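What follows is the residue order along each chain.
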Amino acid sequence: MRARELRARIRGRSRQGKLVKSPLPTGETVVLPPLVSFSSADDFKRALQSEGRSPLDDEALVAFDRLQRSGLPPLVSPTALGVLLGVSPKLVTAMGLFPDRYYREFKVPKRRGGTRTILAPRTYLKAVQRYVLKRILETRPLPPNVTGFVRGRSIVTNASYHAKARYLLNVDLKDFFGSVHKKQVRRVFAGLGYSGRMSEVLGRLCTYRDSLPQGAPCSPYLANLCFLETDAAIQRLCDRLSVTYSRYADDLTFSRQKPFPGGFLDSVRFLVKRAGFDLNKKKTRFSGPGQRNLVTGLVVNAKVQPPRILRRKLRAMFHQAEARPGRPKHSGPELLGWASFVKTYSHALGSKYMKVAKSNPANWPAR
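Throughout, a residue's number is its position along its own chain's written sequence, starting from 1. Selection of residues for local features in this predicted model requires a pLDDT of at least 70, selection of side-chain atom pairs for listing and counting requires 80 or more, and totals for whole chains, interfaces and linings are taken over all residues. To get the side-chain values, take all heavy atoms of the structure and skip hydrogens and water.

*Asks:* Can you tell me about the layout of surface pockets, naming the residues and giving the values?
*Replies:* Summary: where empty space remains is shown by rolling a probe the size of a single water molecule over the atoms. A pocket here means an open set of points on a 1 Å grid, computed over the protein atoms alone, that has protein on both sides within 12 Å along at least five of seven lines. A cavity is instead a set of points where a 1.4 Å probe fits but cannot get out; residues with an atom within 4 Å of a point line either one. Grid points are joined across faces, edges and corners, and a volume is the space filled by probe spheres set on the points. In this model, the largest pocket occupies a volume close to 1,800 Å³. Together, 46 residues line the largest pocket, and Arg116, Asp172, Asp250, Asp251 and Lys283 are the ones closest to its centre. The helix and strand labels rest on DSSP assignments: H or I over at least four residues marks a helix, E over at least two residues marks a strand, and numbering proceeds from the N terminus. Of all the secondary-structure elements, those providing two or more residues to the lining of the largest pocket are strand S4 (115–121), strand S5 (167–172), strand S7 (251–256), strand S9 (294–295) and helix H14 (332–345). The element contributing the most residues to the lining of the largest pocket is S4, with four residues. Throughout, the ten residues Ala, Val, Leu, Ile, Met, Phe, Trp, Tyr, Cys and Pro are labelled nonpolar, Asp, Glu, Lys and Arg are labelled charged, and all others, Gly among them, are labelled polar. Of the residues assigned to the lining of the largest pocket, the class counts are 21 nonpolar, 12 polar and 13 charged.

This is how it looks when you write it as structure tokens:
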């Protein structure tokens, strides 16, 4: 299969431009992006046992039916994953055994100095990881106070938990992705119902050198799933002490109307360390009455909104775009992006900015 065709399948279209469908959940067909089409689960079973392939043993058949009933792809072997994606099962195995061949490594500058290493999977591995993300990992819902890397949630969702709180504590997990190891990832897949063998295969496909690679599609959601037990332990601590807790990726935020009890931060640190993670001491911050309370970059003292300096910058940006339509300083897509952001915390202002962004054709490059 050519890389171009595979990318098309990732986007949910076959070569003819039709949506590719899956027969797997309870006999019905649902849209399933990078999937070879089968008319039924039995057809898929027969494809797994076709000429040249080893027949499924009783244990694999039981696992196939159990996973199908759970609404999960019945991946009972690397062959099943290859057949389902329309790639060679040998390629699936190779991507797990020799990951160095299937990642691009590069560095990007950090906002506050230094660089961050990005490990981007190449086309075929990315296709597998996106499939695993959409059809396996995202079937497991996350608690509402876990707001990072979750569709429909944002930094505004996260900050809203702490609006008008008098006392605030922000802490940051050090090397969040790098602290999640393959054995933890295996446990996630095993907990979903996959066999030990397939949990190992999926764990290899989603990790690089024994940890989650920053830049891979699965890493954010897997990190969230691997931290869930710690989230629950922290939530129990907070419930006892009337503390509000939310997490956006590696940013943990706690708020309270009264000062935090003595030893609260030490208790959080203990729970985090017990799970194999650590806090970044440089990014631990207490704030209280008379101070600006920030949560994921947003001010929450009275209502959720960006800091004043950013609000002024945006006001000037859209004023210029409206007053001088023939000499735009910012492109239409850039203005539209900022307008969409503003709309998440102020619908009226965001709608006004959206109108400005769309109104001037000079802001939009000709196609």
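*Asks:* Go over the sheet that holds S5 with me, naming the residues and quoting the values.
*Replies:* Any two strands with at least two DSSP-identified bridges between them are counted as paired. Taking strand neighbours across the sheet as the criterion, the four strands line up as S6-S7-S5-S8 in an open arrangement whose pairing is antiparallel. Bordering the open sheet on either side are strand S6 (244–248) and strand S8 (285–287), each of which pairs with just one other strand. Within this sheet the neighbouring strands show an average axis-to-axis angle of 15 degrees, counted without direction. Should any heavy atoms of two residues lie within 4.5 Å, those residues are considered in contact. All axes here are fitted lines through C-alpha atoms, helices being fitted over the stretch that makes contact, and every angle between N-to-C directions spans 0 to 180 degrees. Relative to the sheet, helix H11 (residues 228–240) contacts S6 and S7, its axis offset from that of S6 by approximately 155 degrees. Of the strands in this sheet, S5, S7 and S8 are in contact with helix H12 (residues 264–274), which crosses S5 at around 30 degrees.

*Asks:* Account for unusual backbone geometry, naming residues and giving values.
*Replies:* Within the chain, Ser242 stands out as a residue other than glycine whose phi angle is a positive 55 degrees. Tracing the backbone through its elements, the reader meets Ser242 in the loop between H11 and S6. Relative accessibility thresholds used throughout: buried, under 20% of the residue-type maximum; exposed, over 50%; partly exposed, between the two (1.4 Å probe, protein chains only). With a relative accessible area of 59%, Ser242 lands in the exposed category. Even without being a glycine, Thr296 presents a positive backbone phi close to 45 degrees. Position of Thr296 relative to the elements: it lies in the loop between S9 and strand S10 (298–299).

*Asks:* Could you give me a rundown of the pattern of salt bridges, with the residues and numbers involved?
*Replies:* Note that side chains of opposite charge can pair when their charged atoms are close. Salt bridges are defined as contacts in which a side-chain nitrogen from Lys or Arg sits within 4 Å of a carboxyl oxygen from Asp or Glu. Scanning the model with the defined rule gives 11 salt bridges in all. In this structure, Arg209 engages Asp100 in a salt bridge whose closest nitrogen and oxygen atoms are separated by 3.2 Å. Of the two residues, Arg209 sits in the loop between helix H9 (196–206) and helix H10 (219–226) while Asp100 sits in the loop between helix H5 (89–97) and strand S3 (103–109), which places them 109 residues apart along the sequence. Between Asp278 and Lys273 there is a salt bridge, with its nearest N and O atoms 3.4 Å apart. With a relative accessible area of 24%, Asp278 lands in the partly exposed category. Here the salt bridges share partners, and the residues they tie into one network are Lys182, Arg186, Glu200 and Arg204.

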